[in-house]
Amino acid sequence: MAEHLTEEEQLETLKRWWADNGRSVVAGIALAVLGYFGWQFWQSEQQERREAASILYQQLSESLADAQNLSADQLTAAQSIAEELKEDYSGLLYAADAALLMAGAAVQQGDLELAEQHLRWIVEQNTSEEMSLLARLRLAQVLYGQEDYEQGMSVLAQAQETGAYAAAYAELRGDLLLAQNQPAQAQAAYQSALEQLLPEQNARRDIIQMKLDDIQVQNVAQADEAQAQ
Amino acid sequence: MLQSLRDNLKGAVAVIIVGLMVVPLVLFGVDSLFVNRNNTQQVVEVNGEAITEAELQRAIFFRQNQMRAQFGDNLPEQFISEENLREPVLDSLITRRLLTQQVREGGMAVPESQINEMLLNAPEFQTDGQFDPDLFRQRLLSVGYTPSSYRQQLAQDILLSQHVTGLSASGFVTEQELKRTAALSQQKRDFYYMTIPLAPVLEGIQVDQERAQAYYEEHKSEFRNPEQVTIEYLEVNMDEIAKNIDIPEEQLREQYAQEVAAFEADVQRRAAHILIEPTDDGSAQATLQEIQKRLAAGEDFAELAREYSEDFGSREMGGDLGVTTGETFPEEFEEALAQLEVGEVSEPVKTDAGWHLIKLVNVEGAEPPSFEEDRARIASAMKRAEAEDRFIEVTQQMADVTYNAQNLQEAAETLGLERKVAGPFSRDGGLGIASNPQVVESAFSDEVLGQGYTSPVLELGPNHAMVLRVTDHQEPRTLSFEEVKTEVERTLKREMAIEKLQEMGKQFEQEVAAGKPIEEVAKANDYEWQVSLDTQRTSPQVDRAVLRQVFALPRPEQGSVTEGFTTPTGDYVVVNLTEVTDGNFAEMSEEEKQNLRQRLAGMAGNMSYSAYEAQLKQTADIEKL
C-alpha cells in the first residue's frame, strides 16, 4: 500500500495517526517508566524498612542477652525499642520476635502485666499457627503466674488443635487444674503430657513425672467424692 | 567470624543455632571438599523448594568437621560416617529450609554493611591483621563457595539466629512455677524401712514337676527358638599368611645389602682439596710431590691449600668443599673420598678439573646396623610385603573357586585353607566369627540363605576376608519342655519365692501400719532396717528403687504412711513414711535460686521451641524425592 503513496501523503497519515493516538502512547510510556521506577523505589524502600527493623531487633536482642542483670533503665530502653518495632513494623516477623523477647525479660523482672501485654499482642496479630500457639502457651503461663487460672484455661482452650504443642499445653493445663483443686483432671493432663512429649523434649520428663507423683491417690479420691456431691 | 555471633548465645539456644548453621565456623583444616559440587540431584522438596545432593554432601562434610573439632581424635570414624550422618543432617537441613522460608516471608533482612563488617573482622580472612581479598576467595573456593553465595549463606545464618533467639531465648519461668518446682524438687522426706531379702526364701522353695509342666504349657509362646543357621566358611587372614612365610637367608642378605647401600648414600662426607691444574712441562707433578712432602712433614692442609690450590673458590676456605652424599663431585673424586679415613689425604686424583689432593674432613651419619641386628626387622617387613601379595591373590582366587561351588571342602583343598564351621546362630549373631554383623547379615541374606549360593567375599577388615555358605537352616520353633526345663524351674522358683516373700512382707507391713515401730518388727525377725531423715530425691545414700517408691507415696496426713513393695532385685521392702517437708524457694540461697531460674527458663524455651519446630515440620509440604 505504501508504494502508492507519495512521501507527503505518508507524512500526512503519520500526522493524523499521531493526532489520534499520540496522547495515549505518551501516557502509556510515562506510566511504564513511572511503574518501573515506582517498583524499584518501592522495593528499595521495603529493603530499607526491613534493614532498619533488623538493626532495631539486633539492638534489642543484644541488650536483653543478660536479662538477669538488667537495670530499670535498660529495661525501659528495650521496651521502647520493642514498642517501635510493634508499631512501625507490625507486619514483619521482627515485631513478634521482639514481643517474645520482651515478654521473657519482663517476667524475669517480675513485671507479669507487661509480659501479658506483649504476648496478647502477638495472639491478636494474624501470625502463623506455630507462632500463635507459642504465644498462647506463654500467655497462659503468665496468667498462671498471676494466679488467674480461669483465664489461663480459656486461653489454652482457644487453641483448637495443639499439634506438636500437645505435651506443653497438657502440662500447663495440669498445673492450672491442680491450682483449681481438680487433682483427678490434673492427673490425667500430666499423664497425657508424658505420653505426648516429643523426643526433643525429654529433658522435661522428670519434672512432669514429679508433678504427677505428687498428686496423691487419696486426694484424688476425696476430690472426686466432693465433686460428686 | 560467627564466633562473635555464637559468644552471645548461651546454653540450649546456642546448641540449636549451631546445629542449624551451614557456614563453617572453622575454615581451617579444610583443604578441599571431596564432593561433586555440581550434583544437582534433588533429595527432598520443602514447600516446593529443592534441597540438592550437593548441599547435603556439603552439610555432612561440615558436620563431620564440626564433630571432629569438638570431640577430637577419640571419635570413632564410624560415628561420623556419611551413612550415619545423612539422616540427621538432612533433617536439620529441612528445618533450616523451613525457618529460612519463614524468615524470608516474615520480611527479615540483614544490612549489607553488617555482613561487610563481619567479613572484614574475621581473623580467618586476614593477613597481618588486614582483610585479604585473595585469602578470602581462596578459603571460600576450598569449601565450594563463591563470595556472593557465601555472603548469602552468612546472611541466612544471621537471620536464623535472630529468629531462633527470639523464639527460644525468650523462654521464662514465673515465680509461681519456681515456688512449685522448688517445693517438689527440693522436698525432703523422713522414713524408716526394712528389707526382707529374697535369697533365704529362694533356698527353701521346691518346684514340683507338675507345676513346672503347667507353667510351661501356659507360657509356651515365650519359649521360642529363633531362626538359626549353621555356616561353613573359609577365611584369609594376612597375619596367618605372614606366619607361614619363610624368607630364604640369601634373600635376607640381599635385602640387607641393598639397605646398607641406601644407608651409605645417606652418609655425608665433608671434603677439602687442593687443586693443581695439569701443565705440559710436568711441573704440576713436581708441585704435587712437594705438597705431599710438606703434608708428610706435618704441615697444615688448610695452609697448604691457601698457598697452592688453584681452585679460587675454596682456596681461602682452606680447601673446604662442603659435604657430599656421594653425588656432588666427579666419580673419581667421590671414589677416592669414600676410601679415606677421617683426616687422611689421598694420593693425587685426576678429574677433568685437574689434579686433586683430597682430604676427608669428617663423616656425619651413623654406622649401619649389622646384619644380625637388623635381621628380624628385615624378615618381618619382607614377610609382610609378600603376605600382602599373597593375600590379594588368595582373596581373588577364593572368589573364583567358590563362586559356583556346591560346598567349600574342595575349594579349601584347592586354596590350601582350612574349612571352618560356625553356628548355629540367629539373626542376633553368635560367638566367634558369627558375632560379626557383616557375617550375620550375609548368612541371612536372600542370596546365601534363600538361594543357597556362596556369599561374595566379605572384607571383614583390611587384612581379613572370608566367604561363607549356609549348611543348615532351622526355622523358628517352640522349644520342648525338656529343653527349657531348667529355665522354667528357675523362673518359677523365683516367682514362687517372690510371692511367698510378699505374703510375709504384707504381715510385717500390717504390723507397722498398726503402729508397731519398724525397728521392733525388724529386730524380732532378724531383718535389716534403716532410718533416713531429710532425704532428697537424689540422695546417694538410699537405693534408687527405694527412693523412687518413697517419693511416689502420698503425704502422711496424720501419723505415717506404710507401704511395701518388691524391688527389682526381688527383695521386699517395707517403708514407713513419717514426714514430708516441701522445699522452700524463698529459703534457697541467691545462687541456687538463680541456677534454678536459669535452668527452668532454658527448659521452657527449649520446650516451646521444639514444639514450634515440630509444628512447622508437621504442617509443611515435605516430599522426599
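Residues numbered from 1 in each chain as written. Chains lettered and ligands numbered in written order. Predicted model: local features only at pLDDT ≥ 70, side-chain atom pairs only at ≥ 80, totals over all residues. Heavy atoms only, no water.

Quick look at the overall build of chain A
Here comes step 1: Counting its regular elements, chain A contains 10 helices and zero strands.
Here comes step 2: Put simply, chain A runs from its N terminus to its C terminus through helices and strands in the order α-α-α-α-α-α-α-α-α-α.
Here comes step 3: Across the 229 residues that make up chain A, the buried fraction comes to 45%.
Here comes step 4: For chain A, the proportion of contacts with a sequence separation of at least 24, taken over those separated by at least 6, is 55%.
Here comes step 5: Accessible surface, chain A as shown: approximately 12,400 Å² in total, 50% of it carbon and sulfur. (Helix = DSSP H or I, 4+ residues; strand = E, 2+ residues; numbered from the N terminus. Buried < 20%, exposed > 50% of the residue type's maximum accessible area, 1.4 Å probe, protein only. Contact = heavy atoms within 4.5 Å. Areas by Shrake-Rupley, 256 points an atom, 1.4 Å probe, with all protein chains shown as cover.)

Some details on the sheet that holds strand 8 (residues 268-276) of chain B
All names here are of chain B.
Here comes step 1: Taken together, four strands build an open sheet; the order of strands is 9-8-11-10 and the sheet is antiparallel. Each edge of the open sheet is held by one strand with a lone partner, namely strand 9 (320-324) and strand 10 (349-351). If you compare each strand with its neighbour and ignore which way they point, the axes differ by 40° on average.
Here comes step 2: Note that strand 8 and strand 11 (residues 354-364) share nine bridges and pair antiparallel. When the sheet's bridge partners are listed, Arg270 is paired in strand 11 with Asn362.
Here comes step 3: Most of the contacts of helix 14 (residues 301-308) go to strand 8, to which it runs at about 40°, and overall it touches strand 8 and strand 11. (Pairing = 2+ DSSP bridges. Axes fitted to C-alpha atoms, helices over the stretch in contact; angles between N-to-C directions.)

Observations regarding the interface of chain A and chain B
Here comes step 1: Facing the 62 residues of chain A at the interface are 55 residues of chain B.
Here comes step 2: Taken together, chain A and chain B are joined by three salt bridges.
Here comes step 3: Measuring nitrogen to oxygen at the nearest pair gives 2.8 Å for the salt bridge that ties Arg555 of chain B to Asp214 of chain A.
Here comes step 4: Taken together, the links from chain A to chain B amount to 21 residue pairs in polar contact (both at pLDDT 80 or more).
Here comes step 5: Elements with a minimum of two residues in the side of chain A that touches chain B: helix 1 (7-63), helix 3 (93-108), helix 4 (112-124), helix 5 (129-145), helix 7 (166-179), helix 9 (205-214) and helix 10 (217-228) of chain A.
Here comes step 6: Here the side of chain A that touches chain B is built from residues that sort into 29 nonpolar, 17 polar and 16 charged. (Salt bridge = Lys/Arg side-chain N within 4 Å of Asp/Glu carboxyl O. Polar contact = N/O pair within 3.5 Å; in protein donor to acceptor, adjacent residues only side chain to side chain. Nonpolar A, V, L, I, M, F, W, Y, C, P; charged D, E, K, R; others polar.)

Digging into the sheet that holds strand 2 (residues 49-52) of chain B
All names here are of chain B.
Here comes step 1: Here we have three strands laid out as an open sheet, ordered 2-1-19, and antiparallel in their pairing. Strand pairing shows two members of the sheet lacking a second neighbour, strand 2 and strand 19 (622-624), which therefore form its edges. On average, each strand axis in the sheet is tilted by 25° relative to the strand beside it, whichever way the strands run.
Here comes step 2: Two strands pair when backbone bridges link them, and strand 1 (residues 42-46) and strand 2 are joined in this way by four bridges, in the antiparallel orientation. Across the sheet, residue Val46 finds its bridge partner in strand 2, namely Glu49.
Here comes step 3: Relative to the sheet, helix 3 (residues 53-71) contacts strand 1 and strand 2, its axis offset from that of strand 2 by approximately 55°.

With respect to the packing of helix 1 of chain A against helix 2 (residues 72-88) of chain A
Residue and element names in this part refer to chain A.
Here comes step 1: Running from amino to carboxyl end, helix 1 crosses helix 2 at an angle of 150°, the nearest separation of the two axes being 10 Å. Comparing the axis directions of helix 1 and helix 2 gives the class roughly antiparallel. The hand of the helix 1/helix 2 crossing is left-handed. On helix 2, the residues touching Arg49, Ala53, Leu56, Tyr57, Gln59, Leu60 and Ser63 of helix 1 are Ala78, Ile81, Ala82, Glu84, Leu85 and Asp88.
Here comes step 2: By residue class, the composition of the contact of helix 1 with helix 2 is eight nonpolar, two polar and three charged. (Parallel < 35°, antiparallel > 145°, perpendicular 65-115°, else oblique. Left-handed = near helix turned anticlockwise from the far one by under 90°.)

Notes on the nonpolar core
Here comes step 1: The biggest cluster of nonpolar side chains holds 110 residues, and the ones touching the most others in it are Leu64, Leu85, Tyr94, Met102, Met131 and Tyr165 of chain A together with Tyr150 of chain B.
Here comes step 2: For this core, the leading source of residues is helix 3 of chain A, giving 13 residues.
Here comes step 3: If near-sequence neighbours (up to four positions away) are discounted, Leu85 of chain A is found in contact with Ala53, Leu56, Tyr57, Ser90, Tyr94, Ala95 and Ala98 of chain A.
Here comes step 4: Listed in part, the 26 residues of the second largest apolar core include Val201, Leu492, Ile498 and Val512 of chain B. (Core = buried A, V, L, I, M, F, W, Y, C linked by side-chain atoms within 4.5 Å.)

So, the confidence of the model for chain B
Here comes step 1: Here chain B averages 84 in pLDDT, and 92% of its residues register 70 or above.
Here comes step 2: The low-confidence segment residues 25-37 of chain B, where pLDDT is below 50, has 27 contacts with residues more than four positions distant or belonging to other chains. (pLDDT = per-residue confidence, 0-100.)

Topic: a nonpolar patch on the surface
Here comes step 1: Taken together, the side chains of Trp17, Trp18, Val25, Val26, Ile29, Val33, Tyr36 and Phe37 of chain A make up a nonpolar region of the molecular surface, amounting to roughly 820 Å² of accessible area.
Here comes step 2: As for its position among the elements, Val26 of chain A is in helix 1. (Patch = residues over 30% accessible without salt bridge, like charges linked within 9 Å, V, L, I, M, F, W, Y side chains within 5 Å.)

Examining helix 6 (residues 149-157) of chain A
Here comes step 1: Listed as buried for helix 6 of chain A are Tyr149, Gly152, Val155 and Leu156 of chain A. Looking straight down helix 6 of chain A, one finds that the buried residues subtend no more than 120° of arc, so they occupy a single side. Seen from the open side of helix 6 of chain A, the exposed residues pointing more than 90 degrees away from its buried face are Glu150 and Ala157 of chain A.
Here comes step 2: Of the surrounding elements, those touching the buried residues of helix 6 of chain A are helix 5 and helix 7 of chain A together with helix 8 (175-185) of chain B. (Arc of directions from axis to C-beta.)

Notes on the packing of helix 3 of chain B against helix 4 (residues 82-105) of chain B
Residue and element names in this part refer to chain B.
Here comes step 1: Where helix 3 contacts helix 4, the axes come no closer than 9 Å and their chain directions differ by 110°. Between helix 3 and helix 4, the interaxial angle falls into the category roughly perpendicular. As for how helix 3 packs across helix 4, the hand of that crossing is right-handed. Contacts between helix 3 and helix 4 involve Glu53, Glu55, Leu56, Gln57, Ala59, Ile60, Arg63, Gln64 and Met67 from the first element and Glu82, Leu85, Arg86, Val89, Leu90, Ser92, Leu93 and Arg97 from the second.
Here comes step 2: Grouping the amino acids of the contact of helix 3 with helix 4 by side-chain chemistry returns eight nonpolar, three polar and six charged.

A closer look at the packing of aromatic side chains
Here comes step 1: Evaluated as defined, the whole model comprises 18 aromatic pairs over all chains.
Here comes step 2: Plain terms: the ring middles of Trp39 of chain A and Trp42 of chain A are 5.7 Å apart, the flat faces sit at 25° to each other, and that makes the pair stacked. One end of the pair is Trp39 of chain A and the other is Trp42 of chain A, both in helix 1 and three residues apart, which spans about a single turn.
Here comes step 3: Looking at Trp39 of chain A, the relative accessible area reads 47%, which means it is partly exposed.
Here comes step 4: Relative to Phe136 of chain B, the ring of Phe131 of chain B lies with its centre 5.4 Å away and its plane at 55°, an arrangement referred to as tilted.
Here comes step 5: Exposure remark for Phe136 of chain B: the relative accessible area of 7% places this residue in the buried category.
Here comes step 6: Across the ring face of Trp355 of chain B, the terminal group of Lys350 of chain B is positioned such that the distance to the ring centre comes to 5.9 Å.
Here comes step 7: Positioned above the aromatic ring of Phe585 of chain B, the side-chain terminus of Lys593 of chain B is 5.6 Å from the ring centre. (Phe/Tyr/Trp six-rings, centres within 6.5 Å; stacked < 30°, edge-to-face > 60°. Lys NZ or Arg CZ within 6 Å of the ring centre and 35° of its normal.)

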